[in-house]
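Each chain, letter by letter, is given below.
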Amino acid sequence: MTHASINDPVVARQTPRADFSIDQCWEEYTEEEHAIWDLLYARQVELLQDRAAPEFLAGLERLSLSQSGIPNLETLNDALSALTGWKIVMVPHLVPDDVFFTHLANRRFPAGRFIRGRHQLDYLQEPDVFHDIFGHVPMLANPVFADYMQAYGQGGLRALNLGTLHNLARLYWYTVEFGLIETPNGLRIYGAGIVSSAGESHYCLEDAEPQRIRFDMERIMRTEYEIDIFQKTYFVIESYKQLFEATQQDFAPIYERLTTDNTNYGTRDAAPDDKLLK
Ligand code: PHE
Ligand code: FE
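Being a predicted model, the structure only gives us computed values, none of them experimental.

UniProt records the feature "binding site: Fe cation" (unreviewed entry) at His 131, His 136 and Glu 177, using the numbering of this structure. A stretch of 47 residues holds the annotated residues, and the largest C-alpha distance among them is 10.1 Å, short enough that they meet in one place. By the element assignment, His 131 lies in helix H6 (residues 129–140). Excluding anything up to four places from it in sequence, His 131 contacts Arg 116, His 136, Glu 177, Ala 192, Gly 193 and Ser 196. Looking at where Glu 177 falls in the secondary structure, it is placed in helix H8 (residues 165–177).

Here you go:
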């Protein structure tokens with residue numbers, strides 16, 4: 001894969017540290033880069049008013065993300081660490097799995113420095129600063145979700161050792177990236193991959209095509225995902241507490257079951273126990 005980030009001269013000139021982190025060098029973002037952030041921000045906030053989870057919108061608010069321009073990590077990290085002890089570190093591009101999980105396990109979220117160009121407002125293959133900060137950081141201001149993300153990092157290191165990362169990665173995909181939550185006002189989005197996408201913010205709630213089914217951890221771990229299309233299946237949680245508590249059990253017996261019974265679901269498949277919503 002070619003990295004769009006190599007077009008970012010501030011990334012290209014730096015030698016990453018052992019944990020892959022680099023400096024943001026916020027002063028060096030151009031006017032055009034800040035303008036692209038503002039454009040994406042305005043578009044998403046408008047779409048998300050009645051679609052995003054209240055906790056996501058509260059996170060935007062509490063972290064003052066509505067200020068114009070790409071956020072400066074110095075101030076963002078002060079606000080975020082005061083709320084949940086998390087901080088963001090900049091990385092040049094996607095980092096190896098063990099590096100990623102070690103950051104999460106230490107309450108550090110790795111974010112790309114570069115921002116997409118105007119020709120790629122709607123889709124890019126590699127997470128940029130808009131996806132990583134706008135998409136992921138508001139939920140890290142929520143204490144329960146923040147604990148879930150740290151636990152996921154620890155679980156990721158363990159799954160790496162057990163050789164079960166392909167199963168655990170599906171949990172990240174269907175919750176952290178593409179998760180929906182039930183609220184008294186209907187389904188809402190908390191997944192970062194959706195909130196940072198104009199098309200999918202709309203599609204995941206309103207389109208008749210995808211199935212929306214109740215969260216079931218083992219079902220998720222048996223379900224494939226596709227990265228370059230809108231999802232065909234979304235999993236809906238009742239609360240972040242439900243998500244956190246479901247992941248507090250020892251996964252070793254679940255991983256064991258996944259090998260003894262290797263039932264696997266494609267992205268559009270239905271399973272016998274699925275509870276459909278909407
Ligand atoms: N409880 C999981 C395990 O035993 C770890 C985990 C926690 C995984 C939270 C994902 C999310 O491996
Ligand atoms: Fe992401």
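Here we come to unusual backbone geometry. The phi angle at Cys 25 is positive, at roughly 50°, despite the residue not being glycine. With respect to the helices and strands, the residue Cys 25 is situated in the loop between helix H1 (9–12) and helix H2 (31–48). For Cys 25, a relative accessible area of 19% corresponds to the buried category. Here the phi dihedral of Ser 64 falls at roughly 50°; this positive angle occurs in a residue that is not glycine. With respect to the helices and strands, Ser 64 occurs in the loop between helix H3 (54–62) and helix H4 (73–84).

The next point concerns the sheet that holds strand S5 (residues 211–214). If you trace the 5 strands from one edge of the open sheet to the other, you get S4-S3-S6-S5-S7, paired in mixed fashion. The sheet is open, and its two edges are formed by strand S4 (186–189) and strand S7 (276–277), each paired on a single side. Sheet topology note: the strand S3 (residues 180–183)/S4 ladder contains 4 bridges and is antiparallel. Following the sheet pairing, Leu 180 is matched in S4 by Ile 189. Helix H10 (residues 198–206) rests against S3, S4, S5 and strand S6 (233–237) of the sheet, and its axis sits at about 155° to S4.

Bringing helix H7 (residues 143–162) into the picture now. Since the α-helix turns once every 3.6 residues, residues separated by three or four places project in the same direction. Between the first and last C-alpha of H7 there are 29 Å, a value that for 20 residues agrees with the 28 Å anticipated at 1.5 Å per step. Every buried residue of H7 is listed here: Phe 145, Ala 146, Tyr 148, Met 149, Ala 151, Tyr 152, Gly 153, Gly 156 and Ala 159. Backbone nitrogen of Val 144 and a side-chain oxygen of the N-cap are separated by 3.2 Å at the start of H7; the cap is Asn 142. Phi turns positive, to about 75°, at Gly 163, one or two residues after H7.

Another point: the nonpolar core. Ranked by size, the top nonpolar core spans 81 residues in total, and within it Ile 133 and Phe 134 carry the most contacts. Beyond its immediate stretch of four places on either side in the chain, Phe 134 contacts Trp 37, Tyr 41, Gln 44, Val 45, Leu 48, Phe 56, Leu 60, Val 129, Val 195 and Ser 196.

A few words now on the coordination of the iron ion (ligand 2). Every protein donor of the iron ion (ligand 2) is listed here as His 131 (NE2), His 136 (NE2) and Glu 177 (OE), and their distances to the metal cover 2.0 to 2.1 Å. The sequence pattern formed by the donor residues of the iron ion (ligand 2) is H-x4-H-x40-E. Note that His 131 is positioned in helix H6 and Glu 177 in helix H8, a separation of 46 residues in sequence. A single burial state applies to His 131 and to Glu 177, both of which are buried.

It is worth spelling out the pattern of salt bridges at this point. Tallying each qualifying case throughout the model produces 18 salt bridges. Between Asp 261 and Arg 222 there is a salt bridge, with its nearest N and O atoms 3.8 Å apart. Here Asp 261 is found in the loop between helix H13 (252–260) and S7, whereas its partner Arg 222 is found in the loop between helix H11 (217–221) and S6, with 39 residues between them in sequence. Accessibility expressed as a relative area gives 7% for Arg 222, which makes it buried. Among the ionic contacts, a cluster of salt bridges with common partners joins Glu 218, Arg 222, Arg 257 and Asp 261.

So, how was this worked out
- Residues numbered from 1 in each chain as written.
- Chains lettered and ligands numbered in written order.
- Predicted model: local features only at pLDDT ≥ 70, side-chain atom pairs only at ≥ 80, totals over all residues.
- Heavy atoms only, no water.
- UniProt positions renumbered as here; feature names shortened; annotations may be inferred.
- Helix = DSSP H or I, 4+ residues; strand = E, 2+ residues; numbered from the N terminus.
- Contact = heavy atoms within 4.5 Å.
- Buried < 20%, exposed > 50% of the residue type's maximum accessible area, 1.4 Å probe, protein only.
- Pairing = 2+ DSSP bridges.
- Axes fitted to C-alpha atoms, helices over the stretch in contact; angles between N-to-C directions.
- Expected span 1.5 Å × (residues − 1).
- Polar contact = N/O pair within 3.5 Å; in protein donor to acceptor, adjacent residues only side chain to side chain.
- Core = buried A, V, L, I, M, F, W, Y, C linked by side-chain atoms within 4.5 Å.
- Donors = N, O, S within 2.8 Å, 3.2 Å for Na, K, Ca; no water.
- Salt bridge = Lys/Arg side-chain N within 4 Å of Asp/Glu carboxyl O.

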